[in-house]
Amino acid sequence: MNNMRMLAEEEENDDGTEVTWEDQQRINTFSKLNTRLRSIEERLEELKQEKEALDDLSTELELTDEDESVLYKIGESFLHLPQPRAIKRLEKDQAALSAQILDLSAGAEQCEKEMKELKVTLYARFGRAINLDE
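The structure presented is a predicted model; accordingly, all values stated were derived computationally and were not measured. Note on numbering: residues in each chain are counted from 1, in written sequence order. The model is predicted, so local features are restricted to residues of pLDDT at least 70 and side-chain atom pairs to those at 80 or more, both for listing and for counting; the totals for chains, interfaces and linings are taken over all residues. Note that water and hydrogens are dropped before the side-chain values are worked out from all heavy atoms of the structure.

Caption draft 1: Looking closely at the overall build of the chain. The helix and strand tally for the chain stands at two helices and two strands. Elements are defined by DSSP. Helices are runs of H or I of four residues or more, strands are runs of E of two residues or more, and each kind is numbered from the N terminus. When the elements of the chain are put in sequence order from the N terminus, they spell out α-β-β-α. Exposed residues in this analysis have more than 50% of their type's maximum accessible area, buried residues have under 20%, and partly exposed residues fall in between, with area computed by a 1.4 Å probe over protein chains only. Taken across its 134 residues, the chain has 20% of its residues classed as buried.

Written out as structure tokens, the structure reads:
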């Protein structure tokens, strides 16, 4: 009397497709790429927020007097820097952050490209028996 089903009968795929070692390696690679992509996306979001904060800081520094000393965070410490030197340091930090964002974006694109190739291969082999979407 236990007639509960997770899938409709027509959606069940019980064709007995055997998973070969190569298939399992492709599935594992896809999983690793997916995990890496999520990690990259999280890091990118953090860096974009940091870049936005640096852009706001740049605007604030432009409004200060040149002879004024400002507190600038370097690592975990705050240092008193003259305004022109703080602006130079800020520009350097912004450039480094932009470079990091570009590198991570390229890494994300590469992961997505490889995942797309693996999806094509795995869906061709397993059809609806495998779910590679979120």
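Caption draft 2: Examining the pattern of salt bridges more closely. For salt bridges, the criterion is a side-chain nitrogen of Lys or Arg within 4 Å of an Asp or Glu carboxyl oxygen. By the definition in use, this model includes seven salt bridges. Taking the shortest distance from any N to any O, the salt bridge between Arg26 and Asp23 comes out at 3.0 Å. Placement of the pair is Arg26 and Asp23 together in helix α1 (residues 21-62), with a separation of three residues, close to one helical turn. Asp23 serves as the salt-bridge partner of Arg125, at 2.7 Å between the closest nitrogen and oxygen. Here Asp23 lies in helix α1 and Arg125 lies in helix α2 (residues 83-126), a separation of 102 residues in the sequence.

Caption draft 3: Expanded view of the UniProt feature "coiled-coil region" (unreviewed entry) in the chain. UniProt positions are given in the numbering used here, feature names are shortened, and annotations may be inferred rather than shown by experiment. In the numbering used here, UniProt assigns the feature "coiled-coil region" (unreviewed entry) to residues 30-67. Annotated as residues 30-67, this span is 87% helix and 0% strand, and its ends, taken at the C-alpha atoms, are 56 Å apart.

Caption draft 4: Fine view of the environment of Lys32. Counting through the fold element by element, Lys32 comes out in helix α1. Given the relative accessible area of 59%, Lys32 is considered exposed. Lys32 sits 83 residues away from Met115 along the chain, and the two C-alpha atoms are 9.7 Å apart.

Caption draft 5: Structural detail: the side chain of Gln83. Its location among the elements puts Gln83 in helix α2. Its relative accessible area of 5% is what places Gln83 among the buried residues. Aside from chain neighbours lying at most four places away, what touches Gln83 is Leu61, Glu62, Thr64, Asp65, Glu66, Glu68 and Val70. Only heavy atoms matter for contacts: two residues are in contact if any of them lie within 4.5 Å across the pair.

Caption draft 6: Spotlight on the environment of Thr17. Following the sequence through the fold, Thr17 ends up in the segment before α1. Considering only alpha carbons, one finds Thr17 and Phe126, 109 residues apart in sequence, at a separation of 7.1 Å. Those residues in contact with Thr17 that lie beyond four places of it in its chain are Arg125 and Phe126.

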